[in-house]
Every structure is written in C-alpha cells, then in structure tokens.
Amino acid sequence: MTAARTLDVKVPGIGDFKDVPVIEVHVKPGDTVNAEDPLVTIESEKATFDVPAPSAGTVREVKLKVGDKVSEGTAVATIEAGEAPAPAKASKPAAPAPAAEEEPSPPRTAPAEVSEEPAAPAAPASAE
C-alpha cells in the first residue's frame, strides 16, 4: 500500500477577477474524484469556470458553499490523492475500442454528399 498524500486545492488564476461567486459545488466529503473532475463552478461577469481536481482521490473536506465569494488562491477543498486509480484503470482497456470505431467514419460523410445531389432533381419534380 502506498501512503496517500493530501492536496489542498485552490482557485487557480482567473485573471483580474476578485470576489467571484461560487454557483455550484459538485462534490462532498467522501466523494471519489478523477483528475480534472470539476469540484466547484464559479462565475465571473464574463465567464463560468470549473475548478478541477488536480489528481484522482477522495474528497476529505469541501471548504466552499454556493454563494461564497472567491479569488485566486482561495481554498476549495482537500483531496486525499491516490485513492481513485480503479476508475482510471477501467478506462484504459476501453482505449483499443475507439480505434475500431474509426472505421465507421467514412459513412458519416456520405449523408452530406447525398444531401447536395438530390437537391437539383427535386426542383423539377416540384414544378410539375
């Protein structure tokens, strides 16, 4: 067993914005997350940002609630990293499957070509 490490997640650089409201909290203590899963969503005057998990693990503490105001560096959550590798490994066997899905790509372009051709004959048929 490897010792889990604790990560303090903070709001990353969001430009010149300060006191940006938290509009959604996606996790609670005890939740398992993968790297890049959204922890909270914040909304500035111009955009909405998700603060992602930096690593897979288990959420130990959520330090924000909806309505809280945050700025760059505000603490979001504490994650015990290294406890969620099972879901990440499950996606690796699926990697060969997308390669097989690349073969059906040519039929997807066929409908676009077909839609252009019948348009010309359809006009004389309507004129009758």
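Basis of the calculations
Residues numbered from 1 in each chain as written. Predicted model: local features only at pLDDT ≥ 70, side-chain atom pairs only at ≥ 80, totals over all residues. Heavy atoms only, no water. Helix = DSSP H or I, 4+ residues; strand = E, 2+ residues; numbered from the N terminus. Contact = heavy atoms within 4.5 Å. Pairing = 2+ DSSP bridges. Buried < 20%, exposed > 50% of the residue type's maximum accessible area, 1.4 Å probe, protein only. Core = buried A, V, L, I, M, F, W, Y, C linked by side-chain atoms within 4.5 Å.

Undergrad: Break down the environment of Ala75 for me, with residues and values.
TA: Here Ala75 lies in strand E8 (residues 75-81). C-alpha separation for the pair Ala75 and Pro12, spaced 63 residues apart in sequence, amounts to 9.8 Å. Every residue in contact with Ala75, bar those within four places of it in the chain, is listed here: Val9, Lys10, Lys63 and Leu64.

Undergrad: Residues and numbers for the sheet that holds strand E4 (residues 38-43), please.
TA: Taking strand neighbours across the sheet as the criterion, the four strands line up as E5-E4-E2-E7 in an open arrangement whose pairing is antiparallel. Across the chains shown, the open sheet's two edge strands, defined by having one partner strand only, are strand E5 (48-52) and strand E7 (69-70). As paired strands, strand E2 (residues 20-25) and E4 are joined by three bridges and run antiparallel to one another. Across the sheet, residue Val25 finds its bridge partner in E4, namely Val40.

Undergrad: A description of unusual backbone geometry should follow, citing residues and the corresponding values.
TA: A positive phi angle, close to 55 degrees, is found at Asp19, a residue other than glycine. Relative to the helices and strands, Asp19 resides in the loop between strand E1 (5-10) and E2. A relative accessible area of 52% means that Asp19 is categorised as exposed. In this structure, Glu36 takes a positive phi of about 80 degrees despite not being glycine. Along the chain, Glu36 turns up in the loop between strand E3 (32-33) and E4.

Undergrad: Tell me about the pairing of E8, and name the residues and values.
TA: Among the seven residues that make up E8, five are buried, leaving the element largely enclosed by the rest of the structure. Here E1 pairs with E8 via six bridges, running antiparallel. Across the sheet, residue Asp8 finds its bridge partner in E8, namely Thr78. The pairing of strand E6 (residues 57-62) with E8 spans five bridges and is antiparallel. Counted as the bridge partner of Val62 is Ala77 from E8.

Undergrad: Go over the side chain of Ser44 with me, naming the residues and quoting the values.
TA: Checked against the element boundaries, Ser44 lands in the loop between E4 and E5. For Ser44, a relative accessible area of 10% gives the class buried. Excluding its chain neighbours within four sequence positions, the residues that come into contact with Ser44 are Phe17, Val20 and Phe49.

Undergrad: Lay out the sheet that holds E6 in plain terms, naming residues and giving numbers.
TA: Pairing is antiparallel across the open sheet formed by four strands, whose spatial order is E1-E8-E6-E3. Bordering the open sheet on either side are E1 and E3, each of which pairs with just one other strand.

Undergrad: How would you explain the nonpolar core if you had to name every residue and give the values?
TA: Inside soluble globular proteins, nonpolar side chains tend to come together where they are buried. Core analysis: the biggest nonpolar cluster contains 18 residues, and Val33, Leu39, Val40, Ile42, Val70 and Val76 have the highest contact counts within it. Among all residues touching Leu39, those that are not within four sequence positions of it are Val9, Val25, His26, Val27, Val33, Val51, Pro52, Ala53, Val76 and Ile79.

Undergrad: For the side chain of Asp31, give the residues involved together with the corresponding values.
TA: Relative to the elements of secondary structure, Asp31 occurs in the loop between E2 and E3. Apart from the residues lying within four places of it in its own chain, the contact partners of Asp31 are His26, Gly57, Thr58 and Val59.

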